[in-house]
Amino acid sequence: MDYQQKKSIVSIVESVAVVAVYCIYVLGKLRQGAVSMEDTRFFAVTMLTFIGIGIAFTIAIQVVFHVLLSVSIAVREREKESKEIEHAINAAMVEDERDKIIDLKSTRIPYMAAMLGFVAGLVMLALQYPVAVMLNILFIASGLGAVGEGVAKLLYYKAGVRNG
Amino acid sequence: MAEKLHITNNIRTLRFFAEEMTQQQLAEKAGVSRQTILAIEAGKYSPSLELAFRIANVFHVPIGEVFACKETCGPVPEVANDKTKKHGVDITTDGLLTDDKRTLCGELMIVA
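Residues numbered from 1 in each chain as written. Chains lettered and ligands numbered in written order. Predicted model: local features only at pLDDT ≥ 70, side-chain atom pairs only at ≥ 80, totals over all residues. Heavy atoms only, no water.

Q: How do you make sense of the environment of A:M1 when you look at a structure like this?
A: Residues and elements named next belong to chain A. Position of M1 relative to the elements: it lies in the segment before α1 (3-32). Accessibility expressed as a relative area gives 63% for M1, which makes it exposed. Spatially, the C-alpha atom of M1 lies 9.6 Å from that of Y157, the residues being 156 residues apart in sequence. (Helix = DSSP H or I, 4+ residues; strand = E, 2+ residues; numbered from the N terminus. Buried < 20%, exposed > 50% of the residue type's maximum accessible area, 1.4 Å probe, protein only.)

Printed below as a string of structure tokens:
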């Protein structure tokens, strides 16, 4: 499994973790009665917080992942000079045309998920559900879209992709 | 919509005859990752024209000697009929291309 595929798996795990922790936190608050579905401000603040946590988590995970991969390559190639080790690390992490095509094709998934989430949210509003329901649908749809993007990337890497 | 062509390649063979070049070495010379070369050899990825030419340049051979259509190259256009007769080679639809036919097919495609 190459660097890009491992990165996709890490991305899937991140997205699932953020959505799962958000759902557990919000459902816990609702069950305790600490907040109601009419409290739109609570949901907005919570979502913004989790978006910030998600971004920070993503950056931290990617940095740790990059460092661990570099260390593993350096240990494997320890007999060689530092320039060759650096070259091997760069070669392992190169993003070429195939990676870019897979990235482009996979990016359609989160866009579709966000659009579906928006439409579903509008339907909920039309059925006179609180605004918080629409916000939650949008947030979860975006998270699931990110998971779908990671899964699509793995499938493309496994099955192959045509140029064009 | 145009029919999907099944494009094959001789990269593994060319690597072998190029002093047993490794996939990693070829990847570095072509400016891509080893996994991309692996995917191309396995038929899981069709490279761009630029990458195809870069790979051909690594082996110092025409691109037609690296990549080919598994099926026929399609019906021979009228202009090309004269050329095939002049060369004395008849591109038939037997589904198999010999090296001569493949090279001529490549030349005809460039002319077309």
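Q: It is not clear to me how the pattern of salt bridges should be interpreted in this structure. Could you clarify?
A: When the charged atoms of two side chains with opposite charge come close together, those side chains can pair. All names here are of chain B. Counted by the stated rule, this structure contains four salt bridges over all chains. A salt bridge links E41 to R12; the shortest N-O distance between them is 3.4 Å. Here E41 is found in helix α3 (residues 34-41), whereas its partner R12 is found in helix α1 (residues 11-17), with 29 residues between them in sequence. What makes E41 buried here is its relative accessible area of 15%. Within the structure, one salt-bridge network assembled from shared partners comprises R12, R15 and E41. (Salt bridge = Lys/Arg side-chain N within 4 Å of Asp/Glu carboxyl O.)

Q: Is there a simple way to explain the packing of aromatic side chains in this structure?
A: Here the distance between the centres and the angle between the planes together describe a pair of aromatic rings. Residues and elements named next belong to chain A. Counting across every chain of the model gives seven aromatic pairs over all chains. Ring centres of Y22 and F139 lie 4.5 Å apart, and the angle between their planes is 50°; this geometry places the pair in the tilted category. In this pair, Y22 sits in helix α1 while F139 sits in helix α5 (residues 131-159), placing the two residues 117 residues apart along the sequence. Here the two residues Y22 and F139 agree in accessibility, since each one is buried. When the ring of F42 is compared with that of F43, the centres are 5.2 Å apart and the planes differ by 75°; the resulting orientation is edge-to-face. This pair shows no difference in class: F42 is buried, exactly as F43 is. Grouping aromatic residues by their ring pairs yields a cluster made of Y22, Y25, F42, F43, F50 and F139. (Phe/Tyr/Trp six-rings, centres within 6.5 Å; stacked < 30°, edge-to-face > 60°.)

Q: Teacher, can you tell me more about the interface of chain A and chain B here?
A: Accessible area lost on assembly of the parts is the figure often given for the size of an interface. Every contact between the two is made by 14 residues of chain A and, on the other side, 15 residues of chain B. When the two sides are added together, the surface that chain A and chain B hide from each other amounts to roughly 1,300 Å², 46% of it contributed by carbon and sulfur. Among the residues chain A hides against chain B, the three largest losses belong to A:E97, A:R98 and A:R162. Together they make up 42% of the total. The tally of links from chain A across to chain B stands at zero salt bridges. Summed over the shared surface of chain A and chain B, the number is six residue pairs in polar contact (both at pLDDT 80 or more). Listed by contribution, the elements that provide at least two residues to the side of chain A that touches chain B are α3 (82-92), α4 (97-126) and α5 of chain A. Here the side of chain A that touches chain B gets three residues from one element, more than from any other, and that element is α4(A). By residue class, the composition of the side of chain A that touches chain B is five nonpolar, three polar and six charged. (Contact = heavy atoms within 4.5 Å. Buried area = accessible area lost by both parts, 1.4 Å probe. Polar contact = N/O pair within 3.5 Å; in protein donor to acceptor, adjacent residues only side chain to side chain. Nonpolar A, V, L, I, M, F, W, Y, C, P; charged D, E, K, R; others polar.)

Q: Looking at this structure, I do not really get α5(A). What am I missing?
A: Think of an α-helix as 3.6 residues a turn; residues three or four steps apart then line up on the same face. Compared with the 42 Å implied by 1.5 Å per residue over 29 residues, the 41 Å span of α5(A) between its first and last C-alpha is a close match. Following α5(A) by one or two positions, A:G160 has its phi on the positive side, about 100°. (Expected span 1.5 Å × (residues − 1).)

Q: So what exactly am I meant to see when it comes to the packing of helix α2 (residues 23-30) of chain B against α3(B) here?
A: If you want to describe how two helices pack, look at the angle between their axes and the distance between the axes. Residue and element names in this part refer to chain B. Remark: α2 packs on α3, axes separated minimally by 8 Å, with the N-to-C direction vectors making an angle of 105°. As the angle between them shows, α2 and α3 are arranged roughly perpendicular. For the pair α2 and α3, contact is made by Q23, Q24, L26 and A27 and by R34, I37, L38 and E41, respectively. Along the lines of polarity and charge, the residues of the contact of α2 with α3 split into four nonpolar, two polar and two charged. (Axes fitted to C-alpha atoms, helices over the stretch in contact; angles between N-to-C directions. Parallel < 35°, antiparallel > 145°, perpendicular 65-115°, else oblique.)

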